[in-house]
Amino acid sequence: MNVNKSRLETRAVHAGTRSPRIEGALVTPIFQSTVFESPASIDNYDDIVYPRLNNLPNHDVVGKRIASLEGAESGLVFASGMAAISTALVAVLGKGGHALVQDQLYGGTRTLLTTYFGDWGLDFDFIDGDDPDSWRGKLQTNTRTIFTETIANPLLQVADHRAIVAFAREHGLVSMVDNTFATPVNFLPIELGYDLSLHSCTKYLNGHSDITAGAVVGSDTQVRRVRSLLNHLGGSLDAHACFLLDRGIKTLVVRVREQCRNALTLARHLEGHRAVSRVHYPGLESHSHHQRAVDLFPDFGGVLAIELAGGADAAAQLIERLTIPTSGPSLGGVETLITRPVVTSHSGLTAIERERLGITDGLLRVSLGIEAVEDIIDDFEQALVS
Ligand SMILES: *Cc1c(COP(=O)(O)O)cnc(C)c1O
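Read on for a plain summary of the structure.

What counts as what
- Residues numbered from 1 in each chain as written.
- Predicted model: local features only at pLDDT ≥ 70, side-chain atom pairs only at ≥ 80, totals over all residues.
- Heavy atoms only, no water.
- Helix = DSSP H or I, 4+ residues; strand = E, 2+ residues; numbered from the N terminus.
- Buried < 20%, exposed > 50% of the residue type's maximum accessible area, 1.4 Å probe, protein only.
- Salt bridge = Lys/Arg side-chain N within 4 Å of Asp/Glu carboxyl O.

1. Quick notes on unusual backbone geometry
Here's step 1: In this chain, serine 19 is followed by proline 20 through a cis amide linkage whose omega measures 0 degrees.
Here's step 2: Of note, proline 20 is situated in the loop between α1 (8–14) and α2 (57–69).
Here's step 3: Here the amide bond leading from asparagine 153 into proline 154 is cis, since omega sits at -5 degrees, within 30 degrees of zero.
Here's step 4: Turning to its location among the elements, proline 154 is positioned in the loop between β4 (143–149) and α5 (161–171).
Here's step 5: Phi at glutamate 23 takes a positive value of approximately 55 degrees, unusual for a residue other than glycine.
Here's step 6: Judged by relative accessible area, which is 82%, glutamate 23 ranks as exposed.
Here's step 7: For leucine 156, which is not glycine, the phi dihedral falls at a positive 60 degrees.
Here's step 8: Within the secondary structure, leucine 156 sits in the loop between β4 and α5.

2. Looking at the pattern of salt bridges
Here's step 1: Taken as a whole and judged by the stated rule, the model has 9 salt bridges.
Here's step 2: One salt bridge connects lysine 64 with aspartate 60, and the closest N-O pair in it is separated by 2.9 Å. Highlighted residues: lysine 64 and aspartate 60, both in helix α2, separated by 4 residues, approximately one helical turn.
Here's step 3: Notably, a salt bridge pairs lysine 250 with aspartate 246, separated by 4.0 Å at the nearest N-O pair.

The structure is reproduced here in structure tokens:
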């Protein structure tokens, strides 16, 4: 059977695997060599087998696996999520390009835009992902892309993705979405009509908090442009990290489904807790984008955010008292993590910018792991007792 036509769970385990298997090995071996004997007649630089040129079997297998999971023609892996985002944005924008970018954005992506784009002669405007009527007024003759995140950090907003895709089509823009928070388990951007889907594989795709990696998937044509720039900028993923990513992806579907279940259970529990003033989770009816999330996703992701009645002091105290969640500014792994965005992921923003985005000093972001949710709830209960 053609594995690319199988169900998601099967593709997560098998898609991209070489047939016949390399030396019969069930698991793709690590090609730990920087030199490969080359034919004397080679005439194309990109045909040289060299790890930076993304052409080891390890790159090929894991890139094809991720592409298959997202129903895309082609996929490419990178040394980090930021390598994927920066390389893809620069490749798409070309000389003097302008981007429309969702205002709720991963901190690293925001800093790339606000600190470096101007120096490189690139330009951007922030857009409100909720307000399609405001986008047209921000178009310029050199606008080439519209860039969003499926579920935005840290308040878990869901932009109007159907409108974004339609807008990009109407105006000939390359639509790009950072699908890190949703993963292909919960959202298939290419199927909805996005041109490029990007990931920090450091998070859910690898899932074990032990490598940094990134990915871009899309059509052959779009991915070829990105790959050509990657081969020269050099943010390529090392073969050993490819191997770990390949292994991590095999359990993606079971991990993410469990993480989503844990997040929904904890969100519902904390929503009724007197020490908690607000829970942000798109799976809750109280979330402003709940209906849109129900329309777009089967599950709502493994991350939620809470505000405590006691504010910043109570937030710091909760982190101190929790025993299962580790305080750490990442997400997507099998261990539950908790972080205060004000002092970690969003510390680069000014107080005014944070206030405008609704990121309060006492906000906490929780990334659910795969521990028993009853234990996590018990831990929150003991830690929230004042
Ligand atoms: C972590 C993250 C990134 C950056 O990925 P790295 O692997 O740390 O470079 C980009 N986007 C989102 C949504 C992230 O969570």
